[in-house]
Each structure stands twice: as structure tokens, then as C-alpha cells.
Amino acid sequence: MVRRVAVVGAGSSGLACIKICVDEGLEPVCFESSDDIGGLWKFKESPEPGRSSIYRSLVVNTSKEMMCFSDFPMPAHYPNYMHNSLLLQYFRLYADHFDLLRYIHFQTTVRSVAQRPDFSLSGQWDIVTINGDGEEERHVFDAVLVCSGHYTHPALPLSDFPGNETFSGKCFHSCEYKNADACRGKRVVVVGIGNSGGDIAVEISRSAEMTFLSTRQGAWVMGRMSTNGLPMDMTAITRFNNILIRLLPNTLVNWALERALNPQFDHKLYGLKPRHRPLDKKPLINDDLPSRILQGALVMKPNLKGFKNSGVEFEDGTVEENIDAVVFCTGYNGNFPFLPPALSEGPHRELTLYKTLFPPCLSQPTLAVMGLFQTKGPIMPIVEMQARWAVKVFAGLSRLPCKEKMLEVIESERKRNMKSYDCPRKAALQVDFIPYLDFMAEQVGVRPNFLRLLLRDPVLWVRVFFGPCTPYQYRLSGPGQWAGARQAILTQWERVVQPFRTRVVPEPESRPSVLFSPWLLTFGAAVTIAVLRSKNEIIPVLQGAAHFLDRCKIFLRE
């Protein structure tokens, strides 16, 4: 029977896993290599090898109501899109509220996770850790939740670009970037147009002499704001929209999305238009990139081809001279060196996971890898649901298919995603936000029953079906039900509005409309009655009036 669960990492995923283990009556033990919680979202002045890193100005690109934990809404006064320091503060509130810190062993690094000799019977794991004093410790656990993330091993493809050895400027990965101070007055090339590439290019363009953003494919750019300045994800990620997208032809939906995006700025004119359609890949979330291009501070360029002494050459043959620095925003390799090599069954030795969560090769499903996916939506609600499902599987309350079936599903989903993503590794990581959440919720027993909801609580049904798909929906019923879920859904827009209430806006004086004055209404009613009762008499009068107007027109023309 599963009792002790090892949680590797105390970032947002690790905190959720600890809390869910406690809820299910398990004994979590979390190993965190640093001295604090937060993981990726803990800003550090200097990057540390083997740990994730962010830049000082980073602001989240999913809104607070969409990305919060399902039973712990963010404070109402928080901005809808917050700075990374506020998100870390939210994690502290969450950890304090549920008393999670007592389960965490700080400055303890997991060195290895290995199956015990009797694994086929017990499902247990041998874990070796090293504490802050350098002492090695051995542990036995019934199950393992890997929450160390996949932003720890940067992919720096310098060898792909000839001439890099003699380039006089500086080349570095975005994980080393902290702010634009070192770029002031310089000429900088940013390679890669993911969210980090867009943010960093925009920030550098405010200090540098000139900034170039090099992209292989381009991107559809979407701001954080939707109609009336509301959060984009709250208006876009709804169950109603999800059904529409699935029912309507992709060509029609893509056409509509392009018609919505291009009037803001012409993607082709700005050098941003990609080869793919909007539905095919994740959009770039950035509010300032178009304006920096419009102001000439940022110049779009095609893919980098190579280096030439102090300059760089692009695939269209153009060369930019006197380049001082090149920032590679080229992503990360999802490596987990402490896990058994046998789990990396992919063609490039990457992890092969059923539903991006469970290794199908294990005879006992007592290990899960959290957060190893990409989606068009917030990450935290999915990871929380992954943890709820994983714990049910550990406890034997939810069953996985046989190994052959899991491998079949993995390959099927990979092939489907290859239509949009050429790289098999990236294709294997893609999940659809609402369908993936609903699938896991079905396994856990917490997927909303819409027919029952419509009959019992139609007001809530409208909010759940037509409103944003916020995490609270998965706490309305079933295991882990939260009594405050309904109220959280009904008041979610109030929390969206709250941070805007910083100034009393004067309302115009309300004056009774002339159109609705009692005298005018009475006169109108009298005329209507007269017309209805005296059709024969009124027609000559109207004809006479028309004749009079015609005479007036002739007079004015003359």
C-alpha cells in the first residue's frame, strides 16, 4: 500500500503535489535543492547550474483567475497579470495556508531514483539525496512525483552556426539574461520568437542602439488584453469556444482568428507572419512587440545563418555588422539525469510518457513526471490535476491501460500533433487545455456534470459553460470537493475588476431622456390610435404632406 511519497522539487508543481498528498492521507517528503520555495519563479541575480532561471522584469502571460490553484483563489487586489515577485508571494500564502513547509527538506538534492530489487511486487523506489553539508542519505519510498521541471538544461545550438568560434561579440542563452543594463548602447541580436524571446527583445530594444529579432518561422502575436481591456485568456478559453472550435472547420476558425489579429497590425507588413495558421501552434503573448517594430527600435530578421567576425549573417543573405551580443532564446532540453535511463525510451533518449505523465514501461505505476507538456493555456491548473490523478493511480483508485495500449495512445497523439510540429519531441509534449483537463478530471471523478448542473443550478451552469474555464470548476463535486468553489466561480469577475478600482470615476449627470418623457409617450400613443381608427381619413393627409415636401425640394433646388 502506498504511504510515503517523494516529491522532487518545491516549485509550484511540488507545492500542489504536497498538498494533494496530504489531502489523500499520504505522507509526502519533498526534496528541494535550493533554500526556498518557488522553483522557476524564485528570481536569482545570477543563474545557477542545474536550476531554472528567469529575468527580473518577467510578467506572467496567463491571468490570475485562470492560473491559480483550484481551491485557493489569488487575492482580489492582485493585478490580473502579475510580476513574478507577486506570484512567488502567492506561493508563500498557499504554503502557509495549508502548512506545507514542514514537509520540505531544503538544500537537499536528489542524486538518483532507482527501482528496488522487488519493484515488480512492491513498486518501491530507492532514492539517494545529498544534503547541504554534502552528506549522502538513502531513502525508501512507495511512490515518486517528479516536480523539478524541464527548464534546467538550456539548449544552446552554437555549433549549428559556422563562424561562432571567431565571433568577437558575446553569445549566451536567455537563462543567463537578467536585465538589459549590459546592452545599453549596443547592437544586439535575439534568436528565437517564443514568449521569452519576445519579452527579452522588447526590453533590450529600450536600451540598445539597435535590436534585431531573428525568427525561423515567425509567430502570430496576441496581447494580454481582450475586448474592453479584459484578460484575453478569460474571454478566449471557455467551454463554449472549445466546442465551436471542434465543430467548425479549422479553415474557417483560422480565417476568423487571422481577421481578428491582423486589424490590430498587419503581421505580414511587420515581418511577423508565420508559415502556420493560428490554431496550429501557440501564439506569442506580447503587448509591446508591434509598437517597438513601429518605432524602429526592433527589426525583424529571418533565421540566423552564421557569424562573420564582428557581424552575423541571416538566411536571406543580409549581414548586420558590429554586433555586440547574441541572445539565444532557444528553449531547453527536458533532461532528468537522476531518473533511471530505462525510462527514456524515446528516439532521442527523451522520456516517453502516457498522457505526458506516466512512464508506460513500469510494471507498477508508482512514478509520475509533472509539468512535462506544452499547452495554449495556463500550466498550474493542469499540473494540479495531474497530481490529483497520479495520487489516485498510486492508491489503486484509478487504473492505467496496459503497456501496449499506452504506447499506442502515445504514438497516435504524437502523429496527430506532427501535423503542426515537425519535431517529434515537441509534438509529444502538446496537449489541448480543456480536453486534457477534462480527461484527467474524468479519471479522478471530478469532471463537472453539465446536465445535472443545468437542472439544479442553471445560473452556475451558464457561468461554467459560457464563462472562462477556471480551475474552480474541478472542485464543484467529487473527491476533493471544495465548499467555496461555487462562490469562487460566481465572484471571479469581481476579482478581475478589483485591481482597477483605484480611482473614483465621476458619472455623468443622469437627465430624463426626451424620448421617454410622459408627454411624448402620450402624444405618440394618441397618434397611433388615430392612425389605426382613421386609415381612410389619414391617407389623404399623408399624401398632402408628401406633395408639400416635394414642392419644398423643387423650391430649394431653384
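Residues numbered from 1 in each chain as written. Predicted model: local features only at pLDDT ≥ 70, side-chain atom pairs only at ≥ 80, totals over all residues. Heavy atoms only, no water.

A. Geometry of the domain arrangement of the protein chain. Looking at the assigned domains, one finds that the protein chain contains domain 1 (4-152 + 334-499) and domain 2 (154-331). A C-alpha centroid distance of 28 Å is found between domain 1 and domain 2. Counting residues at the interface gives 45 residues for domain 1 and 32 residues for domain 2. When domain 1 packs against domain 2, close to 3,100 Å² is buried across both sides, 58% of that on carbon and sulfur atoms. (Domains from an automatic or database assignment. Contact = heavy atoms within 4.5 Å. Buried area = accessible area lost by both parts, 1.4 Å probe.)

B. View of the sheet that holds strand β5 (residues 125-130). Overall, antiparallel pairing links the 3 strands, which are arranged β4-β5-β6 in an open sheet. Only two strands of the sheet have a single neighbouring strand rather than two, namely β4 (109-115) and β6 (136-141). Recorded for the sheet is a direction-independent mean angle of 20 degrees between the axes of neighbouring strands. Two strands pair when backbone bridges link them, and β5 and β6 are joined in this way by 6 bridges, in the antiparallel orientation. Within β6, the residue paired with T129 across the bridge is E137. (Pairing = 2+ DSSP bridges. Helix = DSSP H or I, 4+ residues; strand = E, 2+ residues; numbered from the N terminus. Axes fitted to C-alpha atoms, helices over the stretch in contact; angles between N-to-C directions.)

C. How the structure looks around the environment of V189. Along the chain, V189 turns up in strand β9 (residues 187-191). Each C-alpha atom of the pair V189 and M300 lies 9.9 Å from the other, and the pair is 111 residues apart in sequence. Ignoring anything within four residues of it in the chain, the contact list for V189 reads F212, S214, V312, F314, I323, A325, V326 and V327.

D. Up close: the side chain of H276. Relative to the elements of secondary structure, H276 occurs in the loop between α8 (250-261) and β12 (284-285). The contact partners of H276, leaving out residues within four places of it in the chain, are Q217, G218, W220 and K281.

E. Local environment of the environment of P157. Take P157: it is sitting in the loop between β7 (143-146) and β8 (170-173). Distance from P157 to S168, taken between C-alpha atoms, is 18 Å for residues 11 residues apart in sequence. Excluding anything up to four places from it in sequence, P157 contacts F328 and T330.

F. Inspection of helix α13 (residues 433-444) at higher detail. Here α13 contains 12 residues, and its C-alpha end-to-end distance of 17 Å stays within 8% of the 16 Å for a straight helix at 1.5 Å per residue. All buried positions along α13 are accounted for by F433, I434, Y436, L437, D438, M440, A441 and V444. Count one or two residues on from α13 and you reach G445, which has phi positive near 95 degrees. (Expected span 1.5 Å × (residues − 1). Buried < 20%, exposed > 50% of the residue type's maximum accessible area, 1.4 Å probe, protein only.)

G. Local environment of the sheet that holds strand β13 (residues 298-301). One open sheet holds the 5 strands; their spatial order is β8-β17-β9-β10-β13, and the pairing between them is parallel. The open sheet has two edge strands with one neighbour each: β8 and β13. Strand-to-strand twist of the sheet, defined as the mean angle between neighbouring strand axes without regard to direction, takes the value 20 degrees. Where β8 lies against strand β17 (residues 325-328), 4 bridges are found, and the strand directions are parallel. When the sheet's bridge partners are listed, K170 is paired in β17 with A325.

H. Looking closely at helix α5 (residues 195-205). Counting buried residues in α5 gives 9 out of 11 residues, a clear majority hidden from the surface. Considered for burial, the residues of α5 that qualify are G197, G198, D199, I200, A201, V202, E203, I204 and S205. In the core, the buried residues of α5 are packed alongside β9, β10 (210-214), β12, α9 (289-294), β13 and β17.

I. Seen up close, a nonpolar patch on the surface. Taken together, the side chains of F240, I243, L244, L247, L248, L252, W255, V462 and F466 present a nonpolar region at the surface, about 820 Å² in accessible area. Mapped onto the nonpolar patch, the elements with two or more residues apiece are α7 (239-247), α8 and α15 (458-466). Looking at the nonpolar patch element by element, the count peaks at 4 residues for α7. Topologically, L247 is positioned in helix α7. (Patch = residues over 30% accessible without salt bridge, like charges linked within 9 Å, V, L, I, M, F, W, Y side chains within 5 Å. Areas by Shrake-Rupley, 256 points an atom, 1.4 Å probe, with all protein chains shown as cover. Salt bridge = Lys/Arg side-chain N within 4 Å of Asp/Glu carboxyl O.)

J. Broad picture of the packing of aromatic side chains. Applying the stated criterion across every chain yields a total of 26 aromatic pairs. For the pair F31 and F141, a centre-to-centre distance of 5.9 Å together with 85 degrees between the ring planes defines the contact as edge-to-face. Remark: F141 occurs in strand β6 and F31 occurs in strand β2 (residues 27-31); sequence separation between them is 110 residues. Per residue, the accessibility class of F31 equals that of F141, and both read buried. Consider the rings of F72 and F98, whose centres lie 5.9 Å apart with planes at 65 degrees: the pair is edge-to-face. Taken together, the residues span a long stretch of sequence, with F72 in the loop between α2 (64-67) and α3 (84-97) and F98 in the loop between α3 and β3 (104-105) at a distance of 26 residues. Owing to a relative accessible area of 24%, F98 belongs among the partly exposed residues under this scheme. Here the aromatic cluster, defined as three or more aromatic residues joined through ring pairs, consists of F69, F72, Y90, F91, Y94 and F98. (Phe/Tyr/Trp six-rings, centres within 6.5 Å; stacked < 30°, edge-to-face > 60°.)

K. Region of the structure containing the pattern of salt bridges. Applying the stated criterion across every chain yields a total of 31 salt bridges. Measuring nitrogen to oxygen at the nearest pair gives 2.2 Å for the salt bridge that ties D71 to K19. Taken together, the residues span a long stretch of sequence, with D71 in the loop between α2 and α3 and K19 in helix α1 (residues 12-23) at a distance of 52 residues. For D71, a relative accessible area of 10% gives the class buried. Residues E136 and R138 are paired through a salt bridge, measuring 3.4 Å at the closest nitrogen-oxygen approach. The exposure class assigned to R138 is exposed, which follows from its relative accessible area of 66%. Linked by salt bridges that have partners in common, K19, D23, D71, E384 and R475 make up one network.

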